[in-house]
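# Coordinates in review
Each chain, written out:
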Amino acid sequence: MSIAAAMKVWADPEGDTFRLIHQGTLGVEASIAGFAERYSRGRTSHTLHVWWARRPHSAMRSLIFETACRNLSQANSEIAAKLAAGVEDGLKDAQAVLSADYQGQDGPAILDMFGGGGTIPFEAALLGARSHSIDYNALSVFIQTSNLVMSQLALRTHTSGELASIAERAGNALLEAVKARTDDLFDRSRGANGSVTFAYFWTYQHVCGSCGYEYLLSRRPWLAKRSGKSVSISIKPTRTGDDVVLSESADPAKVTRWASKGAGAACPKCSAAEKPSITALRDVSVAKGILNKKGGKTYSVGLAPALDDSALQTRIDGLLSELDTELPSTALPKWSGIVNPAIYGMNTHADMFNKRQTAVYLELCKALREQHADLRALYSNEVANYITSALSSLLDQFIDWNCRLSMWISQNEQVGRAFCGPGVSMLWDYVETDCLENGPANLWSKLSRIIGAIESTPKFDHLPSVSKGRAQELPFESASFDAIVTDPPYYDNMFYNILSDFFYAWKRLALAPIFPDLFAATRTDEDDELVASSIRQGSSDAAHDWYCEALGRALSEAARVLTDDGVLSFVYSHSSLRGWLAIVSAFRSSGLHIDTVEPLSIERRQRPRAMTSEAINTCVVLVARKQLSAPAPANLADIRARVVTDLETYGLPLENAGWASEDIGLALFSRAASYLANAKAVIGHDDELVLDGLSGIIKERYQSFKLQKRKSL
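Residues numbered from 1 in each chain as written. Predicted model: local features only at pLDDT ≥ 70, side-chain atom pairs only at ≥ 80, totals over all residues. Heavy atoms only, no water.

### Some remarks on the overall build of the protein
So the rule is basically this: What counts as a helix is a DSSP run of H or I of at least four residues, what counts as a strand is a run of E of at least two, and both are numbered from the N terminus. The buried label applies to any residue whose accessible area, calculated with a 1.4 Å probe on protein chains only, is under 20% of its type's maximum; exposed applies above 50%, and partly exposed to all values in between. Only the protein chains shown count as cover for residues, and all accessible areas are computed by the Shrake-Rupley method using a 1.4 Å probe. His residues and chain termini do not enter the charge count, which takes Lys and Arg as positive and Asp and Glu as negative. One atom stands in for each charge, and that atom is NZ of Lys, CZ of Arg, CG of Asp or CD of Glu.
For the protein, the helix and strand inventory stands at 20 helices and 19 strands. Each principal axis of the C-alpha distribution contributes one length, and for the protein these read about 80 × 60 × 45 Å. Every one of the 713 residues in the protein was classed for burial, and the buried ones make up 60%. Taken as a whole, the protein presents about 26700 Å² of accessible surface, with 49% of it coming from carbon and sulfur. With 73 positive and 81 negative side-chain charges, the protein shows a separation of 6 Å between the mean positions of the two kinds.

This is the structure we're talking about:
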């Protein structure tokens, strides 16, 4: 028997209508399978377009099956465990079970009301459901339309293998064209051993307004910092300005022109203080990365001659004229601590590339449009549109890994993503790669992953539906869905629209003429994004209240569109007390009753650039149905007693399964929050204080568990 099936998870259902998920068989196995899938380069839809905080396919497949499954047999629990563990032979069995459960209605109708990257609607369709998804983010709608709709229209006339071959030919032709057109922009000469330059390392140079000294604002000098290999850039002062030399010391002398954190820079010659803005700085190349024939990397250090900005600008203007478009003029938000580049003069999305990067990106846009035209001449519009939409993820790769916010990771000598979230940092040292060579973050490797993803794309029984709209105003009739499975924004964890705009604003240069309905706007609409933001709403308290109200309206809409026996599986997690207080408030006003809470460990702990705390490793699934009666007030003593009982009946099985103490604590706390959410109020007590007290009970047993007591960001 699986670990999950052995867990005696206590549920609190109203009425006698159950789904498989009420038995507590979601599966700890999903943790292992999901981790391996999510952070390897698997052949899934994650391989294609950039999105954030996506859930592993295996975990969501199991969740959807258990949410929809009406047959509570042990055999179906075993099928769910197979799905959670990523065992492929469970899929056909699951499809057959759901077909039998919903005989006469052509499979269950399942909705994801926060579609995001589209994993949930993809897996719902794969299980044979009539899959529907909605999101108000325009980039999300494009990604889902590409993966769920365009793919299926193309698969009506071609197999996935044939489509992969078409993409391979078109992708290779695209990259070969861009490489030929950019030969004059890079040093692609081969050394005696076949070595070639693959990267250029940049920092910013400031000219002191008082004495004219030219000093460098580098903060990340390391090129290689690993066992047996230490290479860094060392600043060497001269009479007129800073120069650079190569150091191979494991402990080089640290030379910086920055004062203490937040205090700006200071001229090393006259000590004049400055708060740098890149509008008044020069990008200067301080080193090159050289890829040897056998894959090893070496470096040459030295200030390089400046790029010919005038010639590059002429080229950029010509490409913009050919494409009949303009560089993005959309402004970056100035959110200190969350989105920092605009604070230092990176004012618009156009500023995120240097001029050579801009020229190469526009060549990619031009070549992609050319391939779309060629594909339309050879194949149907459906095939041409799908292949073009898939190949547009080459643009994602360039934006994320080859801009002025792309970081060099010296510990493994690779490029780091610029937009991994949750916020966007300002970098004073960035790496530019020649993405048409074979070094890190090259486009040839990305093309191989695109081809693999297309080749593994299945043909669904039903064409999924993807809509642009708000969860608070669902465009569906009442009682339309047998299940809603959704993974909403977690309070203030991630600012999706801000991250999306870095991609959307640039992708539309290539795609607006091809997909005018999907790229009509100049940016995604961020004002109504379901995220608690003190900057948007004016204060932390206003942001909290706004999120509670907006999420409550969305959950009320979920209750409206669910059938009478329908089930909502709501994936959630947060590391702050207020993040959970929002769940209590929203569910109370929704007309839904939380039957049970299922833990699911699918977040990696070493999440990049966590803004305020250690990353969340566990999320939970709040399983809810329509209320059968109005909620009653609850006594604090009764709730406390239930939490104490949960320590044994719920916590011990997770201990035996090897879960970390802090993750068990969060899983237990989420159940405690559900008790409050199901009550009209806690008699005589404030909800926030009650939650704080319940967290204390849990912390007594699981001491590494902690919740932040902070307001929204």
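### Brief notes about the packing of helix H17 (residues 577–588) against helix H20 (residues 687–701)
Worth spelling out the cut-off: Helix axes are fitted only over the stretch in contact, all axes being lines through C-alpha atoms; the angle between N-to-C directions runs from 0 to 180 degrees. We call two directions roughly parallel when the angle between them is under 35 degrees, roughly antiparallel when it is over 145, roughly perpendicular when it lies between 65 and 115, and oblique otherwise. Helix crossings fall into two classes, left-handed where the near helix is turned counterclockwise from the far one by less than a right angle and right-handed where it is turned clockwise. Should any heavy atoms of two residues lie within 4.5 Å, those residues are considered in contact. Classes in brief: Ala, Val, Leu, Ile, Met, Phe, Trp, Tyr, Cys and Pro nonpolar; Asp, Glu, Lys and Arg charged; the others, Gly included, polar.
Interaxial distance between H17 and H20 falls to 10 Å at its minimum, and their mutual angle equals 125°. Looking at the two axes, H17 sits oblique to H20. Handedness of the crossing formed by H17 with H20: right-handed. On the side of H17, the interface is formed by Leu577, Arg578, Trp580, Leu581, Val584 and Arg588, while H20 contributes Asp687, Glu688, Leu691 and Asp692. The residue makeup of the contact of H17 with H20, split by class, is five nonpolar, no polar and five charged.

### As for the sheet that holds strand S7 (residues 242–247)
Stated formally: Here, strands pair whenever DSSP counts at least two bridges between them.
Ordered in space as S5-S6-S7, the three strands form an open sheet in which the pairing is antiparallel. The open sheet is flanked by strand S5 (222–226) and S7, the only strands paired with a single partner. Strand-to-strand twist in this sheet, taken as the mean axis angle between neighbours without regard to direction, amounts to 30°. Here S5 runs beside strand S6 (residues 229–237); their pairing, made up of four bridges, is antiparallel. Of the residues in S6, the one forming a bridge with alanine 224 is valine 231.

### Some details on the pattern of salt bridges
This is how it is decided: Any Lys or Arg side-chain nitrogen found within 4 Å of a carboxyl oxygen on Asp or Glu counts as a salt bridge.
Tallying each qualifying case throughout the model produces 37 salt bridges. For aspartate 482, the salt bridge is made with arginine 70, and the minimal N-O distance between the two is 3.8 Å. Here aspartate 482 is found in strand S16 (residues 481–486), whereas its partner arginine 70 is found in the loop between helix H3 (57–68) and helix H4 (74–84), with 412 residues between them in sequence. With a relative accessible area of 5%, aspartate 482 lands in the buried category. Here arginine 578 and glutamate 688 are joined by a salt bridge, their closest N and O atoms 3.8 Å apart.

### Some details on the packing of H4 against helix H5 (residues 90–101)
Where H4 meets H5, the closest approach of the two axes is 9 Å, and the angle between their N-to-C directions is 135°. In this view, H4 runs oblique relative to H5, as classed from their interaxial angle. Seen from above, H4 lies across H5 with left-handed handedness. Contacts between H4 and H5 involve Asn76, Ile79, Lys82 and Leu83 from the first element and Gly90, Leu91, Asp93, Ala94 and Val97 from the second. In the contact of H4 with H5, the residues fall into five nonpolar, two polar and two charged.

### Regarding the packing of aromatic side chains
Note the following rule: In this scheme Phe, Tyr and Trp rings, the latter by its six-membered ring, pair at centre separations within 6.5 Å, and the angle between planes marks the pair as stacked below 30 degrees, edge-to-face above 60, and tilted otherwise. Think of it as a cone above the ring: NZ of Lys or CZ of Arg counts as a charge over the ring if it is within 6 Å of the ring centre and within 35 degrees of the ring normal.
Per the counting criterion, the structure on display carries 32 aromatic pairs. Ring geometry for tryptophan 51 versus tryptophan 52: centroids 5.1 Å apart, planes at 55°, classification tilted. When sorted by exposure, tryptophan 51 lands in the same class as tryptophan 52, which is buried. Between tryptophan 52 and phenylalanine 503, the ring centres sit 5.7 Å apart and the planes meet at 65°, which makes this aromatic pair edge-to-face. Residue tryptophan 52 is located in the loop between helix H2 (29–38) and H3, and its partner phenylalanine 503 is located in helix H14 (residues 496–511); the two are separated by 451 residues in the primary sequence. By the ring-pair criterion, three or more aromatic residues cluster together here, those being Tyr490, Phe570, Tyr572, Trp580, Phe587, Phe669 and Phe705. Geometry around tryptophan 258 places arginine 219 over its ring, the cationic atom sitting 3.9 Å from the centre.

### So, H17
Counted only if it meets this: Expected span of a helix, by definition, is 1.5 Å for each gap between consecutive residues, and there is one gap fewer than residues.
With 12 residues, H17 extends 17 Å from end C-alpha to end C-alpha; this agrees with the ideal 16 Å at 1.5 Å per step. Turning to H17, its buried residues are Leu577, Arg578, Gly579, Trp580, Leu581, Ala582, Ile583, Val584, Ala586 and Phe587. Looking at the buried side of H17, the elements it contacts are helix H16 (540–561), strand S17 (562–572), strand S18 (592–600), strand S19 (619–626), helix H19 (661–677) and H20.

### What to know about the side chain of aspartate 135
To keep things clear, this is the line we draw: Each polar contact in these results corresponds to two N or O atoms within 3.5 Å; when the atoms are within protein, one needs to be able to donate a hydrogen and the other to accept it, and residues that are neighboring in sequence are counted only if both atoms are side-chain atoms.
Counting through the fold element by element, aspartate 135 comes out in strand S2 (residues 130–135). Of the side chains with opposite charge, lysine 468 lies nearest to the buried aspartate 135, which makes no salt bridge, at 8.2 Å. Engagement of the side chain of aspartate 135 in a polar contact is seen with the backbone nitrogen of glycine 116, the distance being 2.9 Å. Residues contacting aspartate 135, with those up to four places away along its chain left out, are Phe114, Gly115, Gly116, Ser140, Val141, Gln144, Ser467, Lys468 and Gly469.

### A short note on the environment of serine 500
Here serine 500 lies in helix H14. Remark: the alpha-carbon pair of serine 500 and glutamine 703, spanning 203 residues in sequence, is separated by 38 Å. Leave out the neighbours within four places in its chain, and serine 500 touches Trp51, Trp52, Asn137, Leu139 and Thr524.

### Considering the sheet that holds S2
Taken together, seven strands build an open sheet; the order of strands is S15-S2-S1-S16-S17-S19-S18 and the sheet is mixed. The outermost strands of the open sheet, each flanked by one partner alone, are strand S15 (465–468) and S18. Between one strand axis and the next, the sheet turns by 20° as a mean value, whatever way the strands run. Bridge analysis of S17 against S19 gives five bridges, and the strand direction is antiparallel. If you follow valine 571 over to S19, its bridge partner there is valine 621. With respect to the sheet, helix H7 (residues 138–155) is in contact with S2 and S15, its orientation differing from that of S15 by roughly 165°.

### Describing the environment of asparagine 340
Mapping asparagine 340 onto the fold places it in the loop between helix H9 (309–323) and helix H10 (355–378). For the pair asparagine 340 and methionine 426, spaced 86 residues apart in sequence, the C-alpha to C-alpha distance is 5.4 Å. Side-chain polar atoms of asparagine 340 contact the backbone nitrogen of glycine 337, separated by 2.8 Å.

### Focus on the environment of alanine 630
By secondary structure assignment, the location of alanine 630 is in the loop between S19 and helix H18 (636–656). Residue classification places alanine 630 among the exposed positions, given a relative accessible area of 68%. Taking C-alpha positions, alanine 630 is 8.1 Å from lysine 680, a pair spaced 50 residues apart along the chain.

### As for the state of the cysteines
Inclusion rule: Cysteine sulfur pairs qualify as disulfides if the two atoms are within 2.5 Å.
Here the structure, examined in full by the defined rule, presents zero disulfides. Here cysteine 270 stays free of any disulfide, with the sulfur of cysteine 208 as its closest cysteine sulfur at 3.5 Å. Of the residues examined, cysteine 270 reaches a relative accessible area of 34% and is grouped as partly exposed. Cysteine 435 carries a free sulfur, and the closest cysteine sulfur to it, the one in cysteine 365, is 12 Å from it.

### A closer look at the nonpolar core
Quick reminder of the rule: To define a nonpolar core, start from buried Ala, Val, Leu, Ile, Met, Phe, Trp, Tyr and Cys residues and group those joined through side-chain atoms within 4.5 Å.
By size, the foremost hydrophobic cluster in this structure holds 208 residues, and its most contacted members are Phe65, Met113, Ile387, Phe419 and Phe587. Apart from the residues within four sequence positions on either side, phenylalanine 587 is in contact with Leu555, Leu568, Phe570, Leu592, Ile594, Leu622, Ala624 and Ala677. Counting 19 residues, the second largest nonpolar core, distinct from the first, contains Leu223, Val284, Tyr299 and Trp408.

### Examining unusual backbone geometry
Cis geometry marks the peptide bond from glycine 421 to proline 422, where omega comes out at 0°. Tracing the backbone shows proline 422 in the loop between strand S13 (414–416) and strand S14 (429–433). Residues other than glycine seldom take positive phi values, yet alanine 53 does so here, at roughly 55°. You can see alanine 53 is positioned in the loop between H2 and H3. If you check the backbone angles, aspartate 324 has positive phi at about 55° while not being a glycine. Along the chain, aspartate 324 turns up in the loop between H9 and H10.

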